[in-house]
Amino acid sequence: MPASTDPLTLPFNAADDLGSGIRDFLGHLKGERRVSSHTLDGYGRDLATFCAFLGEHLGQLPDIAALEALRVADIRAFLAMRQGQGIARTSVARQLSALRSFFKFLTARGKLTNAVMAGVRTPRLPKTAPKALTVTEAADGLAAIADISDEPWIGQRDLALMTLLYGCGLRLGEALSLTRAQAPTDDALRVRGKGNKERIVPVLPIVREAVSEYLAACPHPLDPAGPLFVGARGGPLNPGVVQRQVRRLRVALALPDSTTPHALRHSFATHLLRSGGDLRAIQELLGHASLSTTQRYTEVDAARLKAVHQSAHPRARKHA
């Protein structure tokens, strides 16, 4: 299917009722859910591939009745076929997501009652190590973030927020949930994270200074119970605004595509680990419930850990 073709106008290898159902579904995605053209095209491709598979698998042009009779084994056969073609697991998972959404759409409109998709598991995706910035990239980003803003006080706000994320390892949501009364003025900050769990993180002087300068520059009165970080009009700062600013920063400094607000949290943990930080302590600072989650950060710095092992282990030294 050519990428430039509107999937709404393409014929599908399916009977009229199924083809009509697919076009209604894609129209729903485009008109009501307002998905991107990329997502719409991807879903169209996925459903076209599935129809072609059903035609060969069932030996007939697929229709709604054919969907009604599908079993879990049929869906698994489709997934196995795609994996056998060398399709990445992430792509197979996306295709399965498209099928789930399509079946749910037909069911909601009373055209299908088959709950076969509930019995199909999403392929297990490979775990990827968190993406961290280098120390230089993090420093350059913080040095330039204030300069890409249109208003000086917004630049101070962005600098304070980014310094807080990198200096304390906070999630973006955790930072944006802080109230004015919680502004870090001491050497420790109480943070409420996932699962409503509280943790205490140390606050570096540079973090306190950045927040203090932002508060002095902010033109809006901040209620003690209101948000610490506010938008241009004084309301709660939208995470999308922060992400957009970081994208602008990424372009300005030619930083890697992995440069996101969350990358600063990963960088916080990775740089602590590289400097000899204890994994258990980093777990507490990040607010991870399980050490296994924190251990993912060791994959980022596997080379350093291997070098430490080779130089420190008694048996390694003996045969050096």
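Reading the values: rules and limits
Residues numbered from 1 in each chain as written. Predicted model: local features only at pLDDT ≥ 70, side-chain atom pairs only at ≥ 80, totals over all residues. Heavy atoms only, no water. Helix = DSSP H or I, 4+ residues; strand = E, 2+ residues; numbered from the N terminus. Buried < 20%, exposed > 50% of the residue type's maximum accessible area, 1.4 Å probe, protein only. Contact = heavy atoms within 4.5 Å. Areas by Shrake-Rupley, 256 points an atom, 1.4 Å probe, with all protein chains shown as cover. UniProt positions renumbered as here; feature names shortened; annotations may be inferred. Polar contact = N/O pair within 3.5 Å; in protein donor to acceptor, adjacent residues only side chain to side chain. Pairing = 2+ DSSP bridges. Salt bridge = Lys/Arg side-chain N within 4 Å of Asp/Glu carboxyl O. Phe/Tyr/Trp six-rings, centres within 6.5 Å; stacked < 30°, edge-to-face > 60°. Lys NZ or Arg CZ within 6 Å of the ring centre and 35° of its normal. Axes fitted to C-alpha atoms, helices over the stretch in contact; angles between N-to-C directions. Parallel < 35°, antiparallel > 145°, perpendicular 65-115°, else oblique. Left-handed = near helix turned anticlockwise from the far one by under 90°. Nonpolar A, V, L, I, M, F, W, Y, C, P; charged D, E, K, R; others polar.

Our next topic: the overall build of the protein. Each helix and strand in the protein was counted, giving 15 helices and 2 strands. Within the protein, buried positions represent 41% of all 320 residues. A fraction of 61% describes how many contacts in the protein between residues 6 or more apart in sequence connect residues 24 or more apart. Accessible surface computed for the protein: about 17,200 Å², of which carbon and sulfur atoms make up 52%.

Our focus in this paragraph is the UniProt feature "active site" (unreviewed entry) in the protein. Cross-referencing UniProt, the feature "active site" (unreviewed entry) maps to Arg 171, Lys 194, His 262, Arg 265, His 288 and Tyr 297 in the present numbering. Position of Arg 265 among the secondary structure elements: in helix α11 (residues 261–274). The residues touching Arg 265, leaving out its near neighbours within four places in the chain, are Leu 165, Gly 169, Leu 170, Arg 171, Glu 174, Arg 199, Leu 286 and His 288. A polar side-chain atom of Arg 265 sits 2.7 Å from the main-chain carbonyl oxygen of Gly 169.

Along strand β2 (residues 198–202), the buried face is formed by Arg 199 and Val 201; none of Glu 198, Ile 200 and Pro 202, which line the opposite face, is buried. Where strand β1 (residues 188–192) meets β2, 5 bridges bridge the pair, whose relative direction is antiparallel. Bridge pairing in β2 links Val 191 to Arg 199. Counting the residues between successive antiparallel strands, the hairpin from β1 to β2 contains 5 residues, one of them, Gly 195, with a positive phi of roughly 70°.

Here we take up the pattern of salt bridges. The final tally for this structure, using the stated rule, is 9 salt bridges. Here Asp 24 ties to Lys 111 by a salt bridge, and the two come within 3.6 Å at their closest N and O atoms. Of this pair, Asp 24 sits in helix α1 (residues 16–31) while Lys 111 is found in the loop between α5 (89–108) and α6 (135–144), placing the two residues 87 residues apart along the sequence. The partly exposed category is assigned to Lys 111, whose relative accessible area is 39%. Between Arg 171 and Glu 174 there is a salt bridge, with its nearest N and O atoms 2.4 Å apart. On the basis of relative accessible area, Arg 171 is assigned to the buried category, the value being 13%. Since its relative accessible area comes to 4%, Glu 174 is described here as buried. One network of salt bridges, in which partners are shared, links Arg 171, Glu 174 and Arg 199.

Only a minority of non-glycine residues have a phi that is not negative, and only a minority of peptide bonds are not trans. Residues other than glycine seldom take positive phi values, yet Ala 254 does so here, at roughly 55°. On the secondary structure map, Ala 254 appears in the loop between α10 (239–253) and α11.

As a further point, take the packing of aromatic side chains. Taken as a whole and judged by the stated rule, the model has 8 aromatic pairs. Between Phe 50 and Phe 78 the ring centres are 5.0 Å apart and the planes differ by 80°, which places this aromatic pair in the edge-to-face class. Highlighted residues: Phe 50 in helix α2 (residues 37–58) and Phe 78 in helix α4 (residues 72–84), separated in sequence by 28 residues. The pair formed by Phe 50 and Phe 78 is uniform in burial state, with each residue classed as buried. Through successive ring pairs, a cluster of aromatic residues spans Phe 25, Tyr 43, Phe 102, Phe 103 and Phe 105. Taking the ring centre of Trp 153 as reference, the NZ or CZ of Arg 157 above it sits at 5.9 Å.

Okay, the packing of α1 against α2 next. It is at 10 Å that the axes of α1 and α2 come closest, and there the two elements cross at 165°. Put simply, α1 runs roughly antiparallel to α2. For the pair α1 and α2, the sense of crossing is right-handed. Between α1 and α2, the contacting residues are Leu 18, Ile 22, Phe 25, Leu 26, Leu 29 and Lys 30 on the first element and Leu 40, Tyr 43, Gly 44, Leu 47 and Cys 51 on the second. Here the residues of the contact of α1 with α2 sort into 9 nonpolar, 1 polar and 1 charged.

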